[in-house]
Amino acid sequence: MRLRTLAFLTLAALAIWFIAVNTGSVTLRLWIPTVTLPLWIVLTVTLLVGIVLGLFIARRRAQR
């Protein structure tokens, strides 16, 4: 197994564990509205947005 694959699997496991442990509710201010959500939803959305942006940036760099 390549080191890069092992590092990715380790980070993915840590991210899933971190999201699963944080189950409390948080209040977010989204400019005007205030929303109360479970923290695991906020963390999951943040992780997914980070993955999508990372893939987008990597693809743009590869095209250069």
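Calculation rules
Position labels on residues start from 1 in each chain and follow its written sequence. Whole-chain, interface and lining totals are the exception, using all residues; otherwise, since this is a predicted model, local features are given only for residues with pLDDT of at least 70 and side-chain atom pairs are given and counted only at 80 or more. As a rule here, side-chain values come from all non-hydrogen atoms in the structure, and water together with hydrogens is ignored. Strands are runs of DSSP state E lasting at least 2 residues, helices are runs of H or I lasting at least 4, and numbering of each runs from the N terminus. Throughout, radius of gyration means the C-alpha value; the globule benchmark is 2.2 Å times the number of residues raised to the power 0.38. For every residue, the accessible area obtained with a 1.4 Å probe (protein chains only) is divided by the maximum for its type, and the residue is called buried under 20%, exposed over 50%, and partly exposed between those limits. Contacts were defined at the residue level, with two residues in contact if any of their heavy atoms lie within 4.5 Å. Areas reported here follow the Shrake-Rupley algorithm with a probe of radius 1.4 Å; residue values treat only the protein chains shown as occluding.

Draft legend 1. Quick peek at the overall build of the chain. What the chain contains, in helices and strands, is two helices and two strands. Relative to the compact-globule value of 11 Å for 64 residues, the chain shows a C-alpha radius of gyration of 16 Å, a clear excess of over 25%. With respect to the principal axes defined by its C-alpha atoms, the chain has extents near 40 × 30 × 10 Å. Evaluated residue by residue, the chain yields a buried proportion of 3% over its 64 residues. In the chain, once contacts between residues fewer than 6 apart in sequence are set aside, the share between residues at least 24 apart is 17%. Of the roughly 5900 Å² of accessible surface on the chain, 72% is carried by carbon and sulfur atoms.

Draft legend 2. Looking closely at unusual backbone geometry. A positive phi angle, near 55°, is found at W31, a position not held by glycine. Here W31 is to be found in the loop between strand 1 (25–29) and strand 2 (34–38).

Draft legend 3. Here's a closer look at the environment of R61. With respect to the helices and strands, R61 occurs in helix 2 (residues 39–63). Among the residues examined, R61 registers a relative accessible area of 64% and is labelled exposed. For the pair formed by R61 and A7, sequence separation is 54 residues and the distance between their alpha carbons is 22 Å.

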